[in-house]
Amino acid sequence: MRKTIALLVSVLAIAGTCPIQSQAAANISAITLEIDSELAIGADCREDDFEITVKKGKCTVEDMQILNELDRWEGDTIPKLSIYLHAEDGNYFSVKRTDITIKGGTYVSARLDNPYILEVTVTLPSMAETLGEFSELGWESATVAAWSEVENAGYYEIRLLRDGKGVGDTQKVQEPRFDFGSQMRKEGTYGYRVRAVNKRVEETKSQWMESPRTSYIDQGAAERLREQYGSLIPEGATEPGQVTIQNYSPDQYGWIQDRTGWWYRNGDNSYTVNNWQLIDNKWYYFNSAGYMVTGWIDWNGNSYYCDPINGDMQVSKMIDDGSGKRVDSTGAWIQ
């Protein structure tokens, strides 16, 4: 009713000046609207959260309305708006002769209430391309970091901190928990930082969040973890295998091949066991001895496939091993 009255007033006002406008009226041939918004999953649906600017065209934004019948934004909602434009004096609209461009959204349709009031319907990117918020960052145990699941997250990037400094490489995990036991080989106060990556658009990532709680590992606990996960590689040694089949120097880091297979030496003299490691933006899995594993790998309830030659985890493709299996964008077998 409010909008109907507002539009009626506009129409009456325009009607009073119509004879003057008709003498020199010009068609508005092109309109460009820019839509800025900061919408959050679970937040109230409010018209004040949208800023609509006319970048091109002799008109102004008179009003707008959210068409979604929701009180709060949901994780898979596609926001839909009606935008009411008012032609400036001496100008008019023609749907068939007006080119409409939307920045920050998608044009759906346009409708004339009269030559001077144009209703434009647009949609915005799906809320599925946004991320929810983190909460309850903490520790499930002395070595296992855990946090509440972030809505629309496809996976998480996480890195261990010891006494405020980064330890090892950034890890990629699908579940909202991660066991850092293999990296907690030294006494210290440990924390972590984590961010979520959107399941549809990997370029959409949350801010890094740092755990407010820490986990202290004393000398005894660190020694037990070294025994469980493998000790640091002593300088000059060639573990996991003792004899390499390539030239090797004590200060060499990165990929090393010995008579058993390939393993990866980190900059802190450590190596990954029973876990994944992100190396040059590709994921590799290492067994209990620290060697790279190829082929199918069962991990956390899913099956993943690592290239039989290069060892990197395959994503978004049909696996060429005769099985006819396909893996999704996270590398998991689509059952």
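Our structure is the block above this text.
Bear in mind that the values here come from a model prediction, so they are computed numbers and not experimental data. (Residues numbered from 1 in each chain as written. Predicted model: local features only at pLDDT ≥ 70, side-chain atom pairs only at ≥ 80, totals over all residues. Heavy atoms only, no water.)

**Q** Hey, could you go over the nonpolar core for me, with residue numbers and the actual values?
**A** F50 and L85 are the most contacted members of the largest nonpolar core, which has 26 residues in total. Looking at this core, the elements with two or more residues in it are β2 (30-37), β3 (50-56), β4 (59-66), β5 (80-87), β7 (99-103) and β9 (117-123). If one sorts the elements of this core by residue count, β5 sits on top with four residues. Other than its neighbours up to four places away in sequence, F50 contacts I35, D36, S37, L39, M64, I66, W73, L81 and L124. In this structure, L137, Y156, I158 and A221 belong to the second largest nonpolar core, which totals 24 residues. (Core = buried A, V, L, I, M, F, W, Y, C linked by side-chain atoms within 4.5 Å. Buried < 20%, exposed > 50% of the residue type's maximum accessible area, 1.4 Å probe, protein only. Helix = DSSP H or I, 4+ residues; strand = E, 2+ residues; numbered from the N terminus. Contact = heavy atoms within 4.5 Å.)

**Q** Tell me about the packing of aromatic side chains, residues and numbers included.
**A** Two descriptors summarise a pair of aromatic rings, namely the distance from one centre to the other and the angle between the planes of the rings. A complete count under the given rule lists 18 aromatic pairs for this structure. Relative to Y192, the ring of W147 has its centre 6.0 Å away and its plane inclined at 45°; by these criteria the two rings are tilted. With W147 in the loop between β11 (144-146) and β12 (153-162) and Y192 in strand β15 (residues 188-198), this pair connects stretches of sequence that are 45 residues apart. For the pair formed by W147 and Y192, the shared burial category is buried. These aromatic residues form a ring-pair network of at least three members: F134, W139, W147, Y156, F178, F180 and Y192. The ring of Y155 has K172 sitting right over it, with the charged end atom 4.3 Å from the ring centre. The positively charged end of K325 is found above the aromatic ring belonging to W333, 4.3 Å away from the centroid. (Phe/Tyr/Trp six-rings, centres within 6.5 Å; stacked < 30°, edge-to-face > 60°. Lys NZ or Arg CZ within 6 Å of the ring centre and 35° of its normal.)

**Q** Quick rundown of the sheet that holds strand β22 (residues 292-293)? Include the residues and the values.
**A** In space, the three strands of this open sheet follow the order β20-β21-β22, with antiparallel pairing throughout. What marks the edges here is a single partner per strand, and that holds for β20 (275-279) and β22. Here strand β21 (residues 282-286) pairs with β22 via two bridges, running antiparallel. The residue bridging Y285 from the neighbouring strand is V293, located in β22. (Pairing = 2+ DSSP bridges.)

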